[in-house]
Amino acid sequence: MAVKMMGDMGFLTSLLNYPKEQIDDETVELLQPYFAAPDFNFESARKASGNVAGLCNWAAAMCKYHVVAKVVEPKIAALRAAEAELKVATKEKNAAEDRMAKVQARLDEMQSQFDAAMAQKQLLEEDAANCQKKMDSAAALLHALAGEESRWTLQSKEFSAQIQRLTGDCAVASAFVSYLGPFNKEFRELLMSRDFYGDCIKLNIPITQNLEVAKFLVDDSEVGEWVLQGLPTDELSVQNGIMVTRASRYPVLVDPQGQGRLWLMNREEANQLKVTQLNDKMFRNHLEDCLAFGKPLLVENIEEELDPVLDPVLERRLVKKGKSWVLQLADKEVDFTDTFKLFCTTRLPNPHFTPELCAKVTVVDFTVTMAGLEDQLLGKLILKEKHELEEQRQQLLEEVQSYKKKIKQLEDDLLFRLSNSQGNLLDDTELIDVLAV
């Protein structure tokens, strides 16, 4: 029977397809006595037949499979149940992820809308802040300029009329500086009213009636600075100061009392003024140094003639050499600097200068007037009798001068910024700050 069964052609296939899952404990238990037999093993079976040896191993393997399957089968069932649960959970997870993706897309859209709304809010806040800032600036501007409107309107009308009269005014002012220096106050006024003003009227040249040349050529702040430097406050002294500072020719001061010399020394002290005389053996060296380094030079106590070595300087015989200017002083070339200034003073009360010298220089009569003498004597008296009052007066003069200078500076700065302001006037914070001073 066994031989017939093993000889069957489908026997190996039946072994391969044997339903091993249907093996039960009873079958395994029935096979145990056979497995316990001493000759039921591969080596012993091999002696009888190789096929039988393989069949012994197959039977043992089936029993072993059943024993292992008893342990693994529940785990496999559990695995399959877990896989089923995993499949359900995965399906639910995918569905949840789909829902979450939709919610996230909606959230991203709302976040984008929120960011856009916040950006719009920020822009509106910045616009509101800028608008408030402009309102504050406009209020400050209106407040600062409220008091200037009437004054500027009046000045604008005055400037329009003054521009029309500017030709005659400039002509008279130029003649005043060029020709009236040697004369006293009375003769200056006579020439101004009778000749200069009268000639302009005859020639139909527009001119300001009763023109005050001092106010036309210099402002109060500069006059105040001159006073602090020692210039007397009378009108003649102010006119002399204008001629010294405005004339194109170097000035020669007729200064018997020395008040012009004192003023020049105080005025040019910061510029390292050099004081010398024509009979000084170092005069030539002082002249060359001042020309080269652009320092002011004061030649004091001159007589009715000047040293011919000064002629090239007085006539400004300048020669361009490279990028600089030079002067030929006798047999020597000297560098010339634009900041060089030359002042000459004489103690002679009534000098007779030659016409040639008068054509080269601006002669200015600095002889003290009665008003100037009274002012100086009063200052000396107060300084001696009430020293503290004179100090207080000097301090007040300095404060007034500093305030005038500050006002002039602020006005010039304000007008410059108003005329050169670009774009919206309210955006110019510096202009608002200037107006707030």
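Just above sits the structure.
So, here is what we can say about the structure in this document.

The rules behind each value
Residues numbered from 1 in each chain as written. Predicted model: local features only at pLDDT ≥ 70, side-chain atom pairs only at ≥ 80, totals over all residues. Heavy atoms only, no water. Helix = DSSP H or I, 4+ residues; strand = E, 2+ residues; numbered from the N terminus. Buried < 20%, exposed > 50% of the residue type's maximum accessible area, 1.4 Å probe, protein only. Contact = heavy atoms within 4.5 Å. Pairing = 2+ DSSP bridges. Axes fitted to C-alpha atoms, helices over the stretch in contact; angles between N-to-C directions. Phe/Tyr/Trp six-rings, centres within 6.5 Å; stacked < 30°, edge-to-face > 60°. Lys NZ or Arg CZ within 6 Å of the ring centre and 35° of its normal.

Describing the overall build of the chain
Now for step 1: Summing up its helical and strand segments, the chain has 18 helices and eight strands in all.
Now for step 2: By the burial criterion, 28% of the 437 residues in the chain qualify as buried.
Now for step 3: Once local pairs closer than 6 in sequence are excluded, the contacts in the chain between residues at least 24 apart make up 70%.

Regarding the sheet that holds strand S4 (residues 318–321)
Now for step 1: As summarised here, the arrangement of the three strands in space is S4-S5-S6, forming an open sheet in which the pairing is antiparallel. Each of the sheet's edge strands pairs with one partner strand only, and the pair in question is S4 and strand S6 (332–336). Mean inter-strand twist for the sheet, computed between neighbouring axes without regard to direction, equals 40 degrees.
Now for step 2: Two strands pair when backbone bridges link them, and strand S5 (residues 324–329) and S6 are joined in this way by five bridges, in the antiparallel orientation. The residue bridging Gln328 from the neighbouring strand is Glu333, located in S6.
Now for step 3: Along the sheet face, helix H13 (residues 283–293) touches S5 and S6 and points at about 40 degrees away from the line of S6.

Considering the packing of aromatic side chains
Now for step 1: Tallied over the full model, the rule gives five aromatic pairs.
Now for step 2: Centre to centre, the rings of Trp226 and Trp263 are 5.8 Å apart; their planes meet at 70 degrees, and the pair counts as edge-to-face. Of this pair, Trp226 sits in helix H10 (residues 220–228) while Trp263 sits in helix H12 (residues 259–267); the two residues are 37 residues apart in sequence, bridging distant segments of the chain. Per residue, the accessibility class of Trp226 equals that of Trp263, and both read buried.
Now for step 3: Measuring from ring centre to ring centre gives 5.9 Å for Tyr250 and Phe340, while their planes differ by 75 degrees; the resulting arrangement is edge-to-face. You can see Tyr250 sitting in the loop between helix H11 (235–246) and strand S1 (251–254) and its partner Phe340 sitting in the loop between S6 and strand S7 (341–346), a full 90 residues away along the chain. Note on accessibility: Tyr250 and Phe340 belong to one class, buried.
Now for step 4: Grouped by ring-pair contacts, the aromatic residues Trp226, Trp263 and Phe366 constitute a single cluster.
Now for step 5: The ring of Phe293 is capped by Lys295, whose NZ or CZ atom sits 5.8 Å from the centre of that ring.

Focus: the pairing of S4
Now for step 1: Pairing of S4 with S5, which is carried by four bridges, proceeds in the antiparallel orientation. Along S5, the bridge assignment pairs Leu318 with Leu327.
Now for step 2: Counting the residues between successive antiparallel strands, the hairpin from S4 to S5 contains two residues, one of them, Gly322, with a positive phi of roughly 70 degrees.

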